[in-house]
Amino acid sequence: MADRFRIQNNLETLRDFSAPGEEGTTRLSYTPAYLQAVDYLKKEMEAAGLRTWEDGVGNVYGELKGTDETAPVILSGSHLDTVRCSGYFDGQAGIVCALEAARMLKESGKPLRSSFQVLATIMEEGARFPNLTGSRYIAGENGEAQLDTLRDQDGVTLREAIRQCGFSGNLEMTCRKADSIKAFLELHLEQGIRLESTHTDLGIVETIYGCRWFTVAVNGATSHPSTPMNLRKDAGIAACTLISELAALVEEHYPNRATVTFGKFENHPNEINAVPGRTVFSVDFRSGKPEILNELEALLKEKLKAMESRFRVKTELTLYSDVPPTPCCAEFSKILEEQAAALHFSTLRMDSGAGHDAMIFAKHWPAAMIFVPSHNGLTHCPKEWTDYGNLAKGADVLCAAIRQIDKLD
Ligand code: HGY
Ligand code: MN
Ligand code: MN
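Residues numbered from 1 in each chain as written. Chains lettered and ligands numbered in written order. Predicted model: local features only at pLDDT ≥ 70, side-chain atom pairs only at ≥ 80, totals over all residues. Heavy atoms only, no water.

### Regarding the overall build of the chain
Phase 1: Of the regular secondary structure elements, the chain holds 12 helices and 14 strands.
Phase 2: Compactness check: the chain gives a C-alpha radius of gyration of 22 Å against a globular reference of 22 Å for 409 residues, within 12% of the reference.
Phase 3: When the backbone C-alpha atoms are referred to their principal axes, the chain occupies close to 80 × 45 × 40 Å.
Phase 4: Counting every position in the chain, which comprises 409 residues, the buried fraction comes to 57%.
Phase 5: Contacts in the chain between residues far apart in sequence, at least 24 positions, make up 79% of those at least 6 positions apart. (Helix = DSSP H or I, 4+ residues; strand = E, 2+ residues; numbered from the N terminus. Rg over C-alpha atoms; globule rule 2.2 N^0.38 Å. Buried < 20%, exposed > 50% of the residue type's maximum accessible area, 1.4 Å probe, protein only. Contact = heavy atoms within 4.5 Å.)

Put into structure tokens, the structure is as follows:
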């Protein structure tokens, strides 16, 4: 059975590899905190008897060799990077529970046919480079071009960030062949309240909601606050008007079917006594239905046009990331569900409002997800929490499902 104290120790050690001076855990990709976490994780993997390596962009692997080197591998893990001021379970819990499953497999003395690989991905959060970029490189969806076109907010290219951290940048060894992976299993916090509120042990994910991210720039004219309201080109008021109208519309017409979030908002020159001449903000649409994401994009464009004439401003819309709603592999979801039942854990079939690496893997290989309860549904904040006993249950199911999948031809 999984050792909850090993899980706790790993998570509470990883927690502290964080940017100084930030509340919670801040571990952006290609930062010193990320590299410290990589070193620690590799040591823990090696202590568990796994062979370790990093791929060309900084994803980290630990492998437990199987008896058949030619068999496609079974992969499990999640992301090692975090958003700013995050908790220390998002992503990390999936890596640590996969590592705990590897320990149990090793301690059982009964090797698998397939090799089992524990994976810690980089750039899952869009906190520095677009989200899911580490997985996109594993899946071969990104290539050399993106190393030079993707830039962080300081203008550092992905290629430069990789070089600064000493990763090889070798995409050949990063991209996994189509027939090389038998299954990708990801354990993750639910990041919602359904499991906890229904006292259910684990969630089996059916569809991972799609997310479509935009950056909007509103260009008006900086002027003095005494400028009459009907003469100014106030980018800030135009942006705020659009935001409040769009939020009200999504709340009224898409209850429980879509969400919109405006997480980043910057005025320029951002002074108390200056009408903002430029305002830049982010738009994050989520829905389980592609047609709803398309409707929301059309509504955004419509509102931007209306803002231009109403506030005498110009607007620019840039698509930053677009991942469609993604179904998980039904066969492997059923195996997770059956193994949980065999261990007398209750389960609930549910969708994921949050995005995950599994949505990139699922496009190329069979991928399934298992959720553990989130306390009060809190996440992406220092109060994020789940009981370590929940994670031990998840690791037990992961381990049993890996064994079961290994038996399949
Ligand atoms: O944005 C998300 O849904 C996830 O936290 N990366
Ligand atoms: Mn997250
Ligand atoms: Mn996550």
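Once the structure has been displayed, the description carries forward.
### Section: the site of ligand 1
Phase 1: Residues in contact with ligand 1, as listed here, are Glu124, Glu125, Trp213, Arg286, Ala354, Gly355 and His380.
Phase 2: Residue Glu124 places a side-chain N or O atom 3.0 Å away from a nitrogen atom belonging to ligand 1.
Phase 3: A distance of 3.0 Å is found between an oxygen atom of ligand 1 and a side-chain nitrogen or oxygen belonging to His380.
Phase 4: Counted by class, the shell around ligand 1 contains 2 nonpolar, 2 polar and 3 charged residues. (Near = heavy atom within 4 Å. Polar contact = N/O pair within 3.5 Å; in protein donor to acceptor, adjacent residues only side chain to side chain. Nonpolar A, V, L, I, M, F, W, Y, C, P; charged D, E, K, R; others polar.)

### Let's talk about the coordination of the manganese ion (ligand 3)
Phase 1: Bound to the manganese ion (ligand 3) are the protein donor atoms His79 (NE2), Asp90 (OD) and His188 (NE2), situated 2.1 to 2.2 Å from the metal.
Phase 2: Here the donor residues of the manganese ion (ligand 3) share one chain and are spaced in sequence as H-x10-D-x97-H.
Phase 3: In this structure, the manganese ion (ligand 3) lies 3.4 Å from the manganese ion (ligand 2), and both are coordinated by Asp90. You can see His79 sitting in strand E3 (residues 73-79) and its partner Asp90 sitting in the loop between E3 and helix H3 (92-108), a full 11 residues away along the chain. (Donors = N, O, S within 2.8 Å, 3.2 Å for Na, K, Ca; no water.)

### A few points about the packing of helix H1 (residues 4-15) against H3
Phase 1: Across the interface, H1 lies against H3 with an axial gap of 10 Å and an inter-helix angle of 140 degrees. In this structure, H1 meets H3 at a crossing whose hand is right-handed. Residues Arg6, Ile7, Asn10, Leu11 and Leu14 of H1 pack against Gln92, Ala93, Val96, Cys97, Leu99, Glu100, Arg103 and Glu107 of H3.
Phase 2: In terms of residue class, the contact of H1 with H3 is built from 7 nonpolar, 2 polar and 4 charged. (Axes fitted to C-alpha atoms, helices over the stretch in contact; angles between N-to-C directions. Left-handed = near helix turned anticlockwise from the far one by under 90°.)

### Topic: the pairing of strand E10 (residues 278-287)
Phase 1: With 8 of its 10 residues buried, E10 lies for the most part within the structure.
Phase 2: Bridge analysis of strand E7 (residues 210-219) against E10 gives 10 bridges, and the strand direction is antiparallel. Opposite Arg212, over in E10, you have Phe285 as the bridge partner.
Phase 3: Bridging between strand E8 (residues 258-261) and E10 involves 4 bridges; their strand directions are antiparallel. Paired with Ala258 across the two strands is Ser287, which belongs to E10.
Phase 4: The sheet contact formed by strand E9 (residues 265-268) and E10 spans 4 bridges and is antiparallel. In the strand pairing of E10, Glu266 is matched with Val280. (Pairing = 2+ DSSP bridges.)

### Here we look at the domain arrangement of the chain
Phase 1: Taken domain by domain, the chain comprises domain 1 (4-209 + 325-407) and domain 2 (210-323).
Phase 2: If you average the C-alpha positions of domain 1 and of domain 2, the two centres end up 33 Å apart.
Phase 3: Taken together, the contact pairs 16 residues of domain 1 with 16 residues of domain 2.
Phase 4: Taken together, both faces of the contact between domain 1 and domain 2 bury some 1,100 Å²; the carbon and sulfur share is 54%.
Phase 5: Counting the surface domain 1 buries against domain 2, the share from its top three residues, Asn131, Tyr209 and Pro325, is 51%.
Phase 6: At the junction of domain 1 and domain 2, the tally comes to 0 salt bridges.
Phase 7: Taken together, the connections running from domain 1 to domain 2 amount to 4 residue pairs in polar contact (both at pLDDT 80 or more).
Phase 8: Its residues assigned to classes, the side of domain 1 that touches domain 2 comprises 9 nonpolar, 5 polar and 2 charged. (Domains from an automatic or database assignment. Buried area = accessible area lost by both parts, 1.4 Å probe. Salt bridge = Lys/Arg side-chain N within 4 Å of Asp/Glu carboxyl O.)

### Quick notes on the coordination of the manganese ion (ligand 2)
Phase 1: In the first shell of the manganese ion (ligand 2), the protein supplies Asp90 (OD), Glu125 (OE) and His380 (NE2), at 2.0 to 2.1 Å from the metal.
Phase 2: Each donor residue of the manganese ion (ligand 2) belongs to the same chain, with the gaps between them written as D-x34-E-x254-H.
Phase 3: Look at Glu125 and you get buried, because its relative accessible area is 9%.

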